[in-house]
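One-letter residues, chain by chain:
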Amino acid sequence: MKEHKKMETQPAQAQPVPPAPPKAPPTPDQKIGELTDMLKRLQADFENHVKQADKRQAQMMEHASANVLLKMLKIVDDFELVFKTLHDANIDPKLLEGVGMVNKSMHALLEHEGVRPIDCIGKKLDPFKQEVLRRIKKEGTEDDTIVEEHVKGYMLKDKVLRYSKVTVVQNGGN
């Protein structure tokens, strides 16, 4: 039997890695350029933050004013009912004129705030602006035509503030 000689292997000697050449410090012009770029980025980030904060604040204000205006519409509805009742009751014309002026003032305030009524009588139903409370048959009138408005609807700029509650014609087909 032959003996196998174990070969001892010696690890290969690693070649020393030459050290990286020392990094030259940035020149003053390079440093100024880096700092200027950083400042521009920070300034842009800050301007974007300010714009987003302004947009959020405007949305909050619009939402708050919409809530107040919606509550005011209930008062306007009640006032119009009183005005109509007084008009039909043959009261003193001067009192009626004064009540009418207050009514006009309330509507002018709403208009100034961007609130306008939704005109719907005789028009086709728009489910994005009207809510149907009742459907009736009426010969000679096209289906989905609004024939009665129970509660007046209003828009605030380009959004529905309060939906009109209406009666529409439904004869059974078009």
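Our structure's up above, just so we're on the same page.
All of the points below concern the structure found in this document. (Residues numbered from 1 in each chain as written. Predicted model: local features only at pLDDT ≥ 70, side-chain atom pairs only at ≥ 80, totals over all residues. Heavy atoms only, no water.)

## What about the sheet that holds strand 4 (residues 154-156)?
- A sheet is described by the order of its strands in space; here three strands give the open sequence 1-4-5, paired in antiparallel fashion. Each edge of the open sheet carries a strand with a single partner, namely strand 1 (115-117) and strand 5 (159-162). Between one strand axis and the next, the sheet turns through 40° on average, direction left out of account.
- Of the pairings in the sheet, the one linking strand 1 to strand 4 comprises three bridges and is antiparallel in character. Along strand 4, the bridge assignment pairs Arg116 with Met155. (Pairing = 2+ DSSP bridges. Helix = DSSP H or I, 4+ residues; strand = E, 2+ residues; numbered from the N terminus. Axes fitted to C-alpha atoms, helices over the stretch in contact; angles between N-to-C directions.)

## Comments concerning helix 1 (residues 28-88)
- Over its 61 residues, helix 1 runs 88 Å from end to end, which matches the ideal 90 Å to within 8%, given 1.5 Å per residue.
- All of the buried residues in helix 1 are Ala66, Leu69, Met72, Leu73, Val76 and Asp77.
- On its buried side, helix 1 packs onto helix 2 (93-112), strand 1, strand 4 and strand 5.
- With its phi angle positive at about 55°, Asn90 sits one or two positions after the end of helix 1. (Expected span 1.5 Å × (residues − 1). Buried < 20%, exposed > 50% of the residue type's maximum accessible area, 1.4 Å probe, protein only. Contact = heavy atoms within 4.5 Å.)

## Re the pattern of salt bridges
- Counted according to the given criterion, the structure contains ten salt bridges.
- Between Lys165 and Glu131 there is a salt bridge whose closest N-O contact spans 3.1 Å. Taken together, the residues Lys165 in strand 6 (residues 164-169) and Glu131 in strand 2 (residues 130-136) connect sequence positions 34 residues apart.
- Note that Glu148 and Arg134 form a salt bridge whose closest N and O atoms lie 3.4 Å from each other. Of this pair, Glu148 sits in strand 3 (residues 146-151) while Arg134 sits in strand 2, and the two are 14 residues apart along the sequence.
- The exposure class assigned to Glu148 is partly exposed, which follows from its relative accessible area of 33%.
- On the accessibility criterion, Arg134 (41% relative accessible area) is partly exposed. (Salt bridge = Lys/Arg side-chain N within 4 Å of Asp/Glu carboxyl O.)

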